[in-house]
Amino acid sequence: MPLMLHNTMSRKKEAFTPLDPARVRVYVCGPTVYDDPHIGNARPVVVFDVLFRLLRQVYGPEHVTYVRNITDVDDKINARASERGVDIRTLTEDTAKRFRDDMQALGALAPTHEPRATEHIGGMIALIQTLIERGHAYAAEDHVLFAVQSKPDYGCLSHRTRDELIAGARVEVAPYKRDPADFVLWKPSTPDLPGWDSPWGRGRPGWHLECSAMSEQFLGRDFDIHGGGLDLVFPHHENEIAQSTAAFPGTGFARVWLHNGYLVVDGEKMSKSLGNFLTVRGLRAEFPGEALRMALLGTHYRQPLDFTKAGVTRAKRQLDRLYQPLKEAASAKDTTDTPPLPFLAALEDDLNTPLAIHHLRETAQCLNKALTDKDARLIGKFKGELLAGGALMGLAQGDPQAWFHGKPFAQQDGQNPHRSPPKSQPDQPANRLPLTESTGAEGAHVEAQIAERKSARLRKDFAAADRIRKELLAQGVALEDKPDGTTDWKRAG
RNA sequence: GGCCCGGUGGCAGAGUGGCCAUGCAGAGGACUGCAAAUCCUCGUACGUCGGUUCGAUUCCGGCCCGGGCCUCCA
């Protein structure tokens, strides 16, 4: 089955055919690094990470180039930097680092390239010059503006005409604009603001320009997929198309446009004033990063997602159900590295992650049955399928025992100990997480209690045995007696 | 005003012109000293009004409700 993707440009699901299967090229708009990412920022990262993994699976890891930029010049950055009394580079370096750390905790692979806007100012200036030469841009009062009327197809992505945009009446009509719909390519900086010398004086680039410049640099003038949040369709992506195709006539820029739907929290738009603003960092203190990832993938990427903490708890239980049979099958060898076919079909149908998760759970159930039947052949097969499917979604790749033994998250700082490196990504050191010894002294205590309970059970002193189990449960440790007389434990809740 | 999305069982969430999503929660059973985990069985849906059709939750139209975008928010 071919990979089907919903293209915002055509508003249809289309069979995906790369321009060059040996070099599949994806660009996704990355963060503006002025503050820690919130859970809404995480959605596109996780969604397009699944796409990245899927493309690597289909075309081979070395044949996929994934670029996600970092916007490190912006008015909000300027404001935040001056608030803190640091220069923007200090602020953006620090914020970008925290962003990468958060995204890694969510199991997202590092993109192939992560260019920063400020390192591509030259390319942006060159692009502006080309646009001016071709009559698509003009300088006015130290600004350079893109002349929307010079591009008859402006609005092709958002399916709006220039007139419809103007009718919205929220357009800033600056006196230096020839047309109200024109947008800024370059704007002047005051001496206290970051700026670069240019033919139009010292200034800084408009936001849309960086993606046009950097995608060209890393992916060329024609590439396969451009992704981002739904809110970027207009004006950001519309303007990127206008800039790039105006500068390079005869080229098509991105072929397929993917946009993820909005995320709301408890049914309401996330905002600081409502008190429902959830940062990834804050959530990581309460939940495993992998549970957050599962929660984000539990809704199809184009659907609106209502993010709730109850939902994350549900997602964590879903992961328990995947890890449980993997724990039981820990000593078995997986005999395949092919994901279940229906699972793959679901992902290939416009990244239907909820359906894919369902198939993964089906495989987990098959593994459970095989374990019950002690069918070594099926155990190996389903374990392999489950791990392979999980690898494609960045789920269930950790050590099962560590997943169940991990420290309660309220007591944890730093990294998620539950994830070990994804099996299929041995070449990505950024994704190697230490498998911390979370069982340590406390584990020894639990083991001692288990031993004590075992002797109580052997002498049929069930009251004592139950008391020990109850005490442990109060400490957040749930016991699980195995048929062979041994007892397992795991974190309750 | 313009454009675009949704409304599925208690909750979450896929999908389909006629037969099952699935999970959580709930009910019952197997297993267990009792649990847990696991397995088996079960109940409860497709906003509303019309139309097309042998048949619509699924296609079309009206309406109601919710959400988003319309110059820099993923």
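Everything quoted here is computed from the prediction, not taken from an experiment.

Thresholds, definitions, all that
- Residues numbered from 1 in each chain as written.
- Chains lettered and ligands numbered in written order.
- Predicted model: local features only at pLDDT ≥ 70, side-chain atom pairs only at ≥ 80, totals over all residues.
- Heavy atoms only, no water.
- Axes fitted to C-alpha atoms, helices over the stretch in contact; angles between N-to-C directions.
- Helix = DSSP H or I, 4+ residues; strand = E, 2+ residues; numbered from the N terminus.
- Parallel < 35°, antiparallel > 145°, perpendicular 65-115°, else oblique.
- Contact = heavy atoms within 4.5 Å.
- Nonpolar A, V, L, I, M, F, W, Y, C, P; charged D, E, K, R; others polar.
- Pairing = 2+ DSSP bridges.
- Core = buried A, V, L, I, M, F, W, Y, C linked by side-chain atoms within 4.5 Å.
- Buried < 20%, exposed > 50% of the residue type's maximum accessible area, 1.4 Å probe, protein only.
- Domains from an automatic or database assignment.
- Salt bridge = Lys/Arg side-chain N within 4 Å of Asp/Glu carboxyl O.
- Near = heavy atom within 4 Å.
- Polar contact = N/O pair within 3.5 Å; in protein donor to acceptor, adjacent residues only side chain to side chain.
- pLDDT = per-residue confidence, 0-100.
- Right-handed = clockwise from strand over helix to strand, strands pointing away.
- Phe/Tyr/Trp six-rings, centres within 6.5 Å; stacked < 30°, edge-to-face > 60°.
- Lys NZ or Arg CZ within 6 Å of the ring centre and 35° of its normal.

Description of the packing of helix H4 (residues 121-133) against helix H6 (residues 207-219)
Axes are the key here: two packed helices are described by the angle between their axes and the distance separating the axes.
So, point 1. The interhelical angle for the contact between H4 and H6, taken along N-to-C directions, is 100°, at an axis separation of 9 Å. Taken together, H4 and H6 sit at an angle that is classed as roughly perpendicular. For the pair formed by H4 and H6, the contact residues are Gly123, Met124, Leu127 and Ile128 on the first element and Leu209, Glu210, Ser212 and Ala213 on the second.
So, point 2. Residue composition of the contact of H4 with H6, by class: five nonpolar, two polar and one charged.

What to know about the sheet that holds strand S5 (residues 137-140)
So, point 1. Strand order in the open sheet formed by four strands is S5-S6-S7-S8, and the pairing between neighbours is antiparallel. Taken across any chain shown, the strands that pair with only one partner, and hence form the sheet edges, are S5 and strand S8 (203-205). Across the sheet, the mean angle from the axis of one strand to that of its neighbour is 20°, orientation sign disregarded.
So, point 2. Pairing analysis gives three bridges linking strand S7 (residues 183-188) to S8, with the strands arranged antiparallel.

A look at the nonpolar core
So, point 1. Judged by nonpolar contacts, the single largest core of 72 residues is most densely connected at Leu5, Phe16, Ile39, Leu55, Ile225, Phe307 and Met393.
So, point 2. Element by element, the count of residues in this core is highest for helix H1 (residues 39-59), at twelve residues.
So, point 3. Both domain 1 (4-132 + 148-157 + 206-260) and domain 2 (283-431) contribute no fewer than three residues apiece to this core.
So, point 4. Sequence-distant contacts of leucine 55, defined by excluding residues within four places in its chain, comprise Leu3, Phe16, Val24, Val26, Gly60, Val64 and Ile225.
So, point 5. Of all hydrophobic cores here, the second largest spans 39 residues; its members include Phe183, Trp200, Phe223 and Ala247.

With respect to the pattern of salt bridges
Once their charged atoms are close, side chains differing in charge can pair, the charge on each being opposite to the other.
So, point 1. By the definition in use, this model includes 35 salt bridges.
So, point 2. Arginine 98 serves as the salt-bridge partner of aspartate 36, at 2.7 Å between the closest nitrogen and oxygen. You can see aspartate 36 sitting in the loop between strand S3 (24-28) and H1 and its partner arginine 98 sitting in helix H3 (residues 88-105), a full 62 residues away along the chain.
So, point 3. Classification of aspartate 36 as buried rests on a relative accessible area of 18%.
So, point 4. Where glutamate 93 meets arginine 116, a salt bridge forms, and the shortest distance between an N and an O atom there is 3.8 Å. Separated by 23 residues along the polypeptide, glutamate 93 in helix H3 and arginine 116 in the loop between H3 and H4 bring together distant segments of the chain.
So, point 5. Counted as one network, the salt bridges with shared partners bring together Lys327, Glu328, Glu480, Lys482, Asp488 and Lys490.

A closer look at the protein's contact with RNA strand B
So, point 1. Taken together, 55 residues lie around RNA strand B, and Ala181, Gly229, Leu232, His300 and Arg469 are the ones closest in.
So, point 2. Of what RNA strand B places within 4 Å of the protein, 62% of the atoms are sugar or phosphate.
So, point 3. Separating a sugar or linking oxygen of RNA strand B from a backbone N or O atom of glycine 298 is a distance of 3.5 Å.
So, point 4. A distance of 3.3 Å separates a phosphate oxygen of RNA strand B from a polar atom in the side chain of threonine 299.
So, point 5. Among the elements that line the surface near RNA strand B, the one with the most residues is helix H12 (residues 353-373), at eight residues.
So, point 6. Looking at the surface near RNA strand B residue by residue, the classes come out as 16 nonpolar, 18 polar and 21 charged.

With respect to the side chain of histidine 136
So, point 1. Within the secondary structure layout, histidine 136 lies in the loop between H4 and S5.
So, point 2. Classification of histidine 136 as buried rests on a relative accessible area of 13%.

Quick word on the sheet that holds S3
So, point 1. Strand order in the open sheet formed by four strands is S4-S3-S9-S10, with parallel pairing between adjacent strands. Of all strands in the sheet, those with a lone pairing partner are strand S4 (64-68) and strand S10 (253-260), marking the two edges. Taking each pair of neighbouring strands and ignoring which way they run, the sheet shows an average axis angle of 20°.
So, point 2. On the sheet, helix H7 (residues 233-247) packs against strand S9 (222-229) and S10 and is oriented at approximately 175° with respect to S10.

Some details on helix H2 (residues 75-84)
So, point 1. When we look at burial in H2, the residues that qualify are Ile77, Asn78, Arg80 and Ala81.
So, point 2. Residue aspartate 74 occupies the N-cap position of H2, its side-chain oxygen lying 2.6 Å from the main-chain nitrogen of lysine 76.
So, point 3. Positioned one or two residues after H2, glycine 85 has a phi angle of 70°, which is positive.

Re the confidence of the model for chain A
So, point 1. Across chain A, the average pLDDT comes to 88, with 91% of residues at or above 70.
So, point 2. Helix H5 (residues 162-167) is the least confidently modelled element of chain A, averaging 73 in pLDDT, while S4 averages 97, the highest of any element.
So, point 3. Below pLDDT 50 for its whole length, residues 410-438 participates in 73 contacts with residues either more than four positions away or in separate chains.

Considering the pairing of S3
So, point 1. Burial of S3 is extensive: five of the five residues sit out of reach of the surface.
So, point 2. Of the two faces of S3, the one lined by Val24, Val26 and Val28 and the one lined by Arg25 and Tyr27 are each fully buried.
So, point 3. Two strands pair when backbone bridges link them, and S3 and S4 are joined in this way by five bridges, in the parallel orientation. What sits directly across from valine 28, in S4, is arginine 68.
So, point 4. Between the parallel pair S3 and S4, the chain is carried across by H1, and the sense of this crossover is right-handed.
So, point 5. Where S3 meets S9, three bridges bridge the pair, whose relative direction is parallel. Within the sheet, the bridge partner assigned to tyrosine 27 lies in S9 and is histidine 226.

Remarks on the packing of aromatic side chains
So, point 1. Applying the stated criterion across every chain, the model contains eight aromatic pairs.
So, point 2. Residues tryptophan 186 and tryptophan 200 carry aromatic rings whose centres are separated by 6.2 Å and whose planes lie at 55° to one another, so their mutual orientation is tilted. In this pair, tryptophan 186 sits in strand S7 while tryptophan 200 sits in the loop between S7 and S8, placing the two residues 14 residues apart along the sequence.
So, point 3. The exposure class of tryptophan 186 is buried, given its relative accessible area of 0%.
So, point 4. Seen in terms of ring centroids, phenylalanine 223 and phenylalanine 253 are 5.2 Å apart; in terms of plane orientation they differ by 80°. Their pairing is edge-to-face. Here phenylalanine 253 lies in strand S10 and phenylalanine 223 lies in strand S9, a separation of 30 residues in the sequence.
So, point 5. Judged by relative accessible area, which is 0%, phenylalanine 223 ranks as buried.
So, point 6. Put simply, the rings of Phe146, Tyr154 and Phe183 pair up and form one aromatic cluster.
So, point 7. Stacked on the ring of tyrosine 138, the Lys or Arg arginine 178 has its end atom at 3.9 Å from the ring centre.
So, point 8. If you follow lysine 327 out to its NZ or CZ, it ends over the ring of phenylalanine 404, 5.1 Å from the centre.

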